[in-house]
Each structure stands twice: as C-alpha cells, then as structure tokens.
Amino acid sequence: MPTTQIRVAIVGAGPAGIYAADILSKSDLEVEVDLFERLPAPYGLVRYGVAPDHPRIKGIITALYKVLQRGDIRLIGNVDFGTDLTLEDMRQYYDAVIFSTGAIRDADLNIPGIDLDGSYGAADFVSWFDGHPDVPRTWPLEAQHVAVLGVGNVALDVARILAKHVEDLMPTEIPANVAEGLAKSPVTDVHVFGRRGPAQVKFTPLELRELGHVPDVDIVVYPEDFDFDEGSEEAIRSSNQTKQVVKTLTDWTLRDPSELTASRRIHLHFLHKPHEVLGADGKVVGLRTERTELTGDGNVRGTDQFEDFEIQAVYRAVGYFGSPLPDVPFDDGAGVIPNDGGRVLGADGEHIPGLYTTGWIKRGPVGLIGHTKSDAAETIRHLVEDVTSGFEDGTLTPAPERDPNAIIERLENQGVPYTTWQGWELLDAYERSLGEEQGRERVKVVPREEMTEISRGVTARA
Ligand SMILES: Cc1cc2nc3c(=O)[nH]c(=O)nc-3n(C[C@H](O)[C@H](O)[C@H](O)COP(=O)(O)OP(=O)(O)OC[C@H]3O[C@@H](n4cnc5c(N)ncnc54)[C@H](O)[C@@H]3O)c2cc1C
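Residues numbered from 1 in each chain as written. Predicted model: local features only at pLDDT ≥ 70, side-chain atom pairs only at ≥ 80, totals over all residues. Heavy atoms only, no water.

1. Details of the UniProt feature "binding site: FAD" (unreviewed entry) in the protein chain
Stage number 1. Within the UniProt annotation, "binding site: FAD" (unreviewed entry) is assigned to Ala16, Glu37, Leu45, Trp360, Gly367, Leu368 and Ile369.
Stage number 2. With a relative accessible area of 9%, Glu37 lands in the buried category.
Stage number 3. Taking the relative accessible area as the measure of exposure, Gly367 reaches 35% and is therefore partly exposed. (UniProt positions renumbered as here; feature names shortened; annotations may be inferred. Buried < 20%, exposed > 50% of the residue type's maximum accessible area, 1.4 Å probe, protein only.)

Rendered as structure tokens:
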C-alpha cells in the first residue's frame, strides 16, 4: 500500500464520475478526489438528458447528491478539460486521472437530405428541452407533422415531448423558454419510424406503456407493420422485456379506430427504413421510407417499395456519440476512449499509466444510469490495483504538486470562474425557490453566466 495520499482527478460529474468518486473514496486507498465538471451544475445526463416528465428517474439525483454532500469529494465546476486545463496540467497535480465525460452529440445518419433545414439531432433537442446552457434558447417548433427516426427510449422521449400539451409538462422542471416554445408548437402528428419489426424495437416496457397514458395524445399503430419471423419469436421467448413490449404494441392494434379521438397522435411505424429526407427550397417537406421485410433471423432487407410521408421536420434518434478530448486517445469508429476494463490504452495498445475512464465514454452510449455504477467499480478496482503496485515499482510517477490548494490558485490566476459544491447548493436552492413560486419543485436556470453568478454568490434571491 503506498504511504502517500493518492491524488485523483475525475473529469465529468455525471453519474459515472460521481459513482467512481464514491467508490474510490470508500476504497482502502488514502485518497484525495477532485471532481471536475465543465458545467456549473453536476449530474450530467440525469439533469440534461433524462426527460423532465420522468421525475422518478430524475430522483436518482438524490442519491448522487448524498455522495457529494458528504464533503470528502471536491467538486470543481465550470472547468472545461481541454480548454481551462490540459492533460499536462492535470499530470502536475494528480497521480491519476479518470475520464467520465459521457456522450452528448448525435450519431450520424447518412441518408440523402439529412442536412436539410428542419432536420435535427435528438440530442440537440433533448439538450434544449432539458435546459442545457450551451444550446440556443429557442427551438424552431413550426411543423405540424414530424418524423422521429429510431425506436429506442430517446426516440420515445422526443416523440412524447413533441406531442405532449405544454400544460401537462408544467408541473415538471422545464425552463420558462422551453414552456414558451412548446406552447406555440402547431404539431398534431408525430411519426416514429423503425427499420425492423415490433420484436426488434429497443423501447423498454414501462416507457412504451407510458406513451399510452399521455393526455389527449393517441397512439396509432398499423397492422401491416406487424410481422414476426423465427428470429422475432425467439426474441419474444427469450426476453421478458421484448414479450411485454410486443404485447403492448399488439394490444394497440386491437383497438377500435373510433376510440382515437385525441387532438394529437403518435404513430409508430415498423418495417420502414428511412431512405431519404425530401426537401424543397432547402427545407424538409417529407420523408421517403423503404418497406423492409424480415429475413428469418430478426434482420431485415429492403423490398424496393417506397412510401412518402408529408412531414416538415425530422429528428434522428439513432444514438449518441462520444467526443474526443485533447491529448487523450480516442477511437473514432466507436466514439469511446480505448480502454481495457477502464485502463486507457495508447496507440501501442498498452495502458498509459495513470489514465482511466468510465461511463459512456468508456463503453459507448448504451445502458441505464445503474450500469454506470458497476462500470465505475471495475475502473476503480483496476486503479486501486495499479496504484498499490505502481508507486513501488515505478510504473506510476507521483504528481509533483501535492498541495490541494494549488489547483484552485491556478484556476484563480487563470481567471477561470470555477464553481464549488457550496455553489451548487446555492444554485439548487435558487432553482427550488423559483419553482416554489409556481407550485413546482424546481425551475431550471439556463444561461451559463447566470448559473455561474448564482453559484459564486454574485446573484442571490431576496
Ligand atoms: C435522452 C436520454 C434519456 C435518458 N433517460 C434515461 C432514463 O430514463 N433512465 C436511465 O437509467 N438512463 C437514462 N439515460 C442514460 C443515462 O443518462 C446514462 O446512462 C448516464 O448519464 C451516463 O453517465 P455518464 O456519467 O457516463 O455520462 P454523462 O451523464 O453524459 O456525464 C458526463 C459529464 O461529463 C461532463 N463533461 C463532458 N466533457 C467534459 C470536459 N471536457 N470537461 C469537463 N467535464 C466534461 C459533462 O458535462 C457531463 O456532466 C438517458 C440518456 C439520454 C441521452
């Protein structure tokens, strides 16, 4: 066991970074943990990804709050790794650095017309409706008919938020600019498209069933889109989740059309492969899909039969993708930091001493918040193993600057308006008090400068 106190920086205060900090600080190592975050608020996609009308999931923040509130992990917010601090800087102050920077941008979908005006990435829209400070305050909600490409839970979130009447979102924490934008939306029909069949969708049962309970929004499914091959039957047999999803979808096919009386609709289309986004004068005016058929193993092939849908906006919800960090290895194909169980690998395939990764940037943007915990446990187990031996055999060089205040002095000298845990508590209280006035739990503050000023005690509420 090393006799020195180990200094570890974690970059990214989403669930992965917070779980890693928690597990590390409870390990046998004598350790000081600094948790860096580029935003003035912690919690990553739990705050800026999970839909505002999912308060139960947002409630995971309570557990993350308890970890940071203990006081043994130092949060340093509003500091961007790569801009405010480089890897070389980090090496001066920390023996090990863990990257848990997640994924925030949309994966690409290469079909003609995807760059037309009116074609959006789901991740950008999610950032907007969840009040992310780094996206524009307004969103062009001008379309009456909208397409959402993709059949995962993010597609459901996007379709639901687009279709829901704003009154039904008012009890949530949506920011004022989002409520204002959604209130003006002329949308009546949201069409969700999946390339494969109903047994291949990635919706989870609870999230799908929830769709059926949105006030004044009907779910429309099309019997001709329901086909099950041997691969589908096997998927239904082997996964309870698939079985429940297929049952919910099939039940919807059995309803009497006269029951569909809502003013807005979400249409779920399967076996429709997005082929081209159709445009006129540079703007989206339609979507052409190709009918697909199952090939026996749950996969599909095209049939050369095309169908055009009149839509004025398209959202691709085909997955998130990680972004590279300066001087840190990156796998461009997978959008992750190359690693072996969380140990960051260099171009030679060897572990770069002192560098680790966890969460979505480690294993790709799949999985629920809970998965980031087991993932963090693996990374921390390897870090603890390496540090224990590394200082002794010289594979790990101790950082030269060991005074915990040195990094703070440096940020101050650089004029970086960093925020702290106490600062987050101020912002948290501020948002709650804004909500209280309207009988809501919280109203989010969106502009970064305002968030920072509140956190740094420059702005307070009377
Ligand atoms: C739209 C959407 C809805 C979801 N809904 C659910 C749900 O209902 N239930 C569920 O269990 N899971 C849900 N998830 C999945 C869940 O959000 C992820 O599993 C989880 O957030 C991944 O955690 P992470 O810490 O790896 O990444 P993130 O949560 O993305 O956290 C990464 C953090 O790193 C910070 N960061 C990035 N770059 C830098 C930098 N250069 N310097 C400093 N900081 C940086 C970011 O600001 C962010 O705070 C959803 C995801 C999305 C996208």
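2. Some words on the UniProt feature "binding site: NADP(+)" (unreviewed entry) in the protein chain
Stage number 1. UniProt marks Arg195, Arg196, Glu207 and Gly367 with the feature "binding site: NADP(+)" (unreviewed entry), using the numbering shown here.
Stage number 2. Topologically, Arg195 is positioned in the loop between strand S8 (189-193) and helix H9 (205-211).
Stage number 3. Each residue touching Arg195, except ones within four places of it in the same chain, is listed here: Leu271, His272, Lys273, Thr292 and Val300.
Stage number 4. Looking at the element boundaries, Gly367 is found in the loop between helix H12 (360-363) and helix H13 (371-393). (Helix = DSSP H or I, 4+ residues; strand = E, 2+ residues; numbered from the N terminus. Contact = heavy atoms within 4.5 Å.)

3. Let's talk about the site of the ligand
Stage number 1. For the ligand, the set of nearby residues contains 32 residues, the closest of which are Ala16, Glu37, Leu45, Trp360 and Ile369.
Stage number 2. A distance of 3.1 Å separates an oxygen atom of the ligand from a polar backbone atom of Gly367.
Stage number 3. Separating an oxygen atom of the ligand from a backbone N or O atom of Ile369 is a distance of 2.9 Å.
Stage number 4. When residues of the shell around the ligand are traced back to their parent elements, those giving at least two are helix H1 (15-25), helix H2 (44-48) and helix H7 (153-163).
Stage number 5. Residues that form the shell around the ligand fall into these classes: 18 nonpolar, ten polar and four charged.
Stage number 6. For the shell around the ligand, the domains that each give at least three residues are domain 1 (6-104 + 322-418) and domain 2 (105-320). (Near = heavy atom within 4 Å. Polar contact = N/O pair within 3.5 Å; in protein donor to acceptor, adjacent residues only side chain to side chain. Nonpolar A, V, L, I, M, F, W, Y, C, P; charged D, E, K, R; others polar. Domains from an automatic or database assignment.)

4. Some thoughts on the side chain of Arg7
Stage number 1. Mapped onto the elements, Arg7 comes out in strand S1 (residues 6-11).
Stage number 2. The buried category is assigned to Arg7, whose relative accessible area is 2%.
Stage number 3. A polar atom in the side chain of Arg7 sits 2.8 Å from the backbone oxygen of Tyr93.
Stage number 4. With near-sequence residues (within four places) excluded, Arg7 lies in contact with Glu32, Asp34, Tyr93, Tyr94, Asp95, Ala96, Glu401, Arg402 and Pro404.

5. With respect to the sheet that holds strand S2 (residues 31-36)
Stage number 1. With mixed pairing, seven strands are arranged side by side in an open sheet as S3-S2-S1-S4-S18-S17-S16. Each edge of the open sheet carries a strand with a single partner, namely strand S3 (73-76) and strand S16 (339-340).
Stage number 2. Sheet topology note: the strand S17 (residues 343-345)/strand S18 (residues 351-357) ladder contains two bridges and is antiparallel. When the bridges of S18 are listed, Arg343 appears paired with Tyr356. (Pairing = 2+ DSSP bridges.)

6. Side note on the pattern of salt bridges
Stage number 1. The tally for this structure, following the rule as stated, stands at 35 salt bridges.
Stage number 2. Residue Glu378 pairs with Lys362 through a salt bridge whose shortest N-O separation is 2.6 Å. In this pair, Glu378 sits in helix H13 while Lys362 sits in helix H12, placing the two residues 16 residues apart along the sequence.
Stage number 3. Each of Arg47, Lys58, Asp130, Glu173, Asp428, Glu431, Arg432, Glu441, Arg442 and Lys444 takes part in one network of salt bridges that share partners. (Salt bridge = Lys/Arg side-chain N within 4 Å of Asp/Glu carboxyl O.)

7. A short note on the nonpolar core
Stage number 1. Counting residues in each nonpolar core, the largest one holds 52 residues, and the members touching the most others are Phe125, Val148, Ile266, Leu268 and Tyr315.
Stage number 2. Looking at which element gives the most residues to this core, the answer is H7, with seven residues.
Stage number 3. Three or more residues apiece are contributed to this core by two domains, here domain 1 (6-104 + 322-418) and domain 2 (105-320).
Stage number 4. Setting aside anything within four residues of it in sequence, one finds Phe125 in contact with Trp139, Leu141, Val158, Ile161, Leu162 and Tyr315. (Core = buried A, V, L, I, M, F, W, Y, C linked by side-chain atoms within 4.5 Å.)

8. Details of a negative patch on the surface
Stage number 1. Judged by side-chain charge, Glu401, Asp403, Glu409 and Glu412 come together as a negatively charged surface patch.
Stage number 2. Secondary-structure assignment places Glu409 in helix H14 (residues 404-414).
Stage number 3. On the basis of relative accessible area, Glu409 is assigned to the partly exposed category, the value being 46%. (Patch = residues over 30% accessible without salt bridge, like charges linked within 9 Å, V, L, I, M, F, W, Y side chains within 5 Å. Areas by Shrake-Rupley, 256 points an atom, 1.4 Å probe, with all protein chains shown as cover. Lys, Arg positive; Asp, Glu negative; His and termini not counted. Charge placed at Lys NZ, Arg CZ, Asp CG, Glu CD.)

9. Quick notes on the packing of aromatic side chains
Geometrically, a pair of aromatic rings is defined through the distance of the ring centres and the angle of the planes.
Stage number 1. This model, assessed by the stated rule, comprises 16 aromatic pairs.
Stage number 2. Residues Tyr43 and Trp424 carry aromatic rings whose centres are separated by 5.7 Å and whose planes lie at 85 degrees to one another, so their mutual orientation is edge-to-face. With Tyr43 in the loop between S2 and H2 and Trp424 in helix H15 (residues 421-437), this pair connects stretches of sequence that are 381 residues apart. Of the two residues, Tyr43 and Trp424, neither departs from the other in class, the shared state being buried. (Phe/Tyr/Trp six-rings, centres within 6.5 Å; stacked < 30°, edge-to-face > 60°.)

10. Overview of the sheet that holds strand S13 (residues 300-310)
Stage number 1. Spatially, three strands are ordered S11-S12-S13 in an open sheet, and the strand pairing comes out antiparallel. The open sheet has two edge strands with one neighbour each: strand S11 (272-280) and S13. Ignoring which end each strand starts from, the neighbouring axes of this sheet average 25 degrees apart.
Stage number 2. Two elements, strand S12 (residues 283-294) and S13, share eight bridges in a ladder whose sense is antiparallel. By the bridge assignment, Thr292 is partnered in S13 with Gly302. (Axes fitted to C-alpha atoms, helices over the stretch in contact; angles between N-to-C directions.)

11. A closer look at unusual backbone geometry
Stage number 1. Residues other than glycine seldom take positive phi values, yet Asn78 does so here, at roughly 60 degrees.
Stage number 2. Position of Asn78 relative to the elements: it lies in the loop between S3 and helix H5 (87-93).
Stage number 3. The exposure class of Asn78 is buried, given its relative accessible area of 8%.
Stage number 4. Although it is not a glycine, Asp304 sits at a positive phi angle of roughly 70 degrees.
Stage number 5. Locating Asp304 in the fold gives a position in strand S13.

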